[in-house]
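Structure assessment
Here is what each chain is made of, one letter per residue.
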Amino acid sequence: VQLQASGGGLVQAGGSLRLSCAASTRTVNKYSMGWFRQAPGKEREFVAAISWTTSRTYYADSVKGRFTISRDNAKRTVYLQMNSLKSEDTAVYYCSATWGWKVMYYSEYEYDNWGQGTQVTVSS
């Protein structure tokens, strides 16, 4: 499945952005989706995930209460609403997909499909 991420940009600290990830497959409802990010000089880290069946959501502690992941299977799109942005949220954000559900949903190695990434820059 091909993924296309969009919605990144430059925003001031405390502001909001909504990222979108469009999937090419009609069976997107069979995939669990995740968002990861990678800051300069750092490893890629888990941000959020949403399951394929119950749409349960999971978050990294660093974004819990500020970010919201959601999905619209009819539009084949997953969203990441980011509020109260901080300078430490600056990174390239990647959406990802995996068939079914993986217990280790927070591990990038569980995801087979990746989007191209979208830059988010938060100025302080």
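Up top you'll find the structure we're talking about.
Model, not experiment: these values are computed from the prediction. (Residues numbered from 1 in each chain as written. Predicted model: local features only at pLDDT ≥ 70, side-chain atom pairs only at ≥ 80, totals over all residues. Heavy atoms only, no water.)

Notes on the overall build of the protein
Threshold: In DSSP terms, a helix is any run of H or I states spanning at least four residues, a strand is any run of E spanning at least two, and both are numbered starting from the N terminus. Between the two quantities, the radius of gyration covers C-alpha atoms and the globule rule is 2.2 Å times the number of residues to the power 0.38. Working rule for contacts: check all heavy atoms of both residues, and any pair within 4.5 Å makes them a contact. Here the open area of atoms and residues is found with the Shrake-Rupley method and a 1.4 Å probe, where only the protein chains shown may cover a residue. For this count, His and the chain ends are skipped, Lys and Arg are scored as positive, and Asp and Glu as negative. A single reference atom marks each charge: NZ on Lys, CZ on Arg, CG on Asp, CD on Glu.
When you go through the protein residue by residue, the secondary structure sums to 0 helices and 11 strands. Against the globule reference of 14 Å for 124 residues, the protein gives a C-alpha radius of gyration of 13 Å, in line with a compact fold. On the principal axes, the C-alpha backbone points of the protein span a range of 40 × 25 × 25 Å. In the protein, the share of contacts with a sequence separation of at least 24, taken over all contacts with a separation of at least 6, comes to 58%. Accessible area for the protein stands at about 6,500 Å²; split by element, carbon and sulfur atoms hold 46% of it. Charge separation in the protein, taken as the distance between the mean sites of 14 positive and 9 negative side-chain charges, equals 9 Å.

Quick notes on the layout of surface pockets
Cut-off, in case you're wondering: We place a 1 Å grid over just the protein atoms. Points where a 1.4 Å probe fits but has no way out form a cavity, open points with protein on both sides within 12 Å along at least 5 of 7 lines form a pocket, and any residue with an atom within 4 Å of a point lines it. Grid points are joined across faces, edges and corners, and a volume is the space filled by probe spheres set on the points. Gly is put with the polar residues, along with every residue not named as nonpolar or charged; the nonpolar set is Ala, Val, Leu, Ile, Met, Phe, Trp, Tyr, Cys and Pro, and the charged set is Asp, Glu, Lys and Arg.
Approximately 180 Å³ is the volume attributed to the largest pocket. For the lining of the largest pocket, the per-class residue count stands at 2 nonpolar, 3 polar and 8 charged.

Structural notes on the nonpolar core
Inclusion rule: Grouping buried Ala, Val, Leu, Ile, Met, Phe, Trp, Tyr and Cys residues that are joined through side-chain atoms within 4.5 Å yields what is termed a nonpolar core. Here's how the labels work: a residue is buried when its accessible area is under 20% of the maximum for its type, exposed when over 50%, partly exposed in between, all with a 1.4 Å probe on protein chains only.
Counting 36 residues, the largest nonpolar core has Trp 35, Leu 80, Met 82 and Tyr 93 as the members making the most contacts within it. At 5 residues, strand β5 (residues 45-50) tops the list of elements feeding residues into this core. Ignoring sequence-local partners within four residues, the contact set of Leu 80 consists of Leu 17, Arg 18, Leu 19, Trp 35, Val 47, Ala 48, Phe 67, Thr 68, Ile 69 and Tyr 93.

Section: the pattern of salt bridges
Here is the rule we go by: By salt bridge we mean one thing: a side-chain nitrogen of Lys or Arg within 4 Å of a carboxyl oxygen of Asp or Glu.
Within the structure shown, the criterion is met by 5 salt bridges. Across the pair Arg 37 and Asp 89 runs a salt bridge, and its minimum N-O distance is 2.9 Å. Note that Arg 37 is positioned in strand β4 (residues 31-38) and Asp 89 in the loop between β8 (77-82) and β9 (91-99), a separation of 52 residues in sequence. For Asp 89, a relative accessible area of 0% puts it in the buried group. For Asp 61, the salt bridge is made with Lys 64, and the minimal N-O distance between the two is 3.2 Å.

Description of the sheet that holds strand β1 (residues 3-6)
We apply this condition: Strands qualify as paired when DSSP identifies two bridges or more between them. For helices, the axis comes from a line fit to the C-alpha atoms of the stretch in contact; other axes are also lines fit to C-alpha atoms, and the angle between any two N-to-C directions lies between 0 and 180 degrees.
Read across the sheet, 4 strands follow the order β1-β3-β8-β7 without closing on themselves; strand pairing throughout is antiparallel. Taken across any chain shown, the strands that pair with only one partner, and hence form the sheet edges, are β1 and β7 (67-72). Taken over all neighbouring pairs, the strand axes of this sheet differ in orientation by 15° on average, direction set aside. With 6 bridges connecting them, β7 and β8 associate as antiparallel partners. Looking at the pairing, Thr 68 lines up with Gln 81 of β8.

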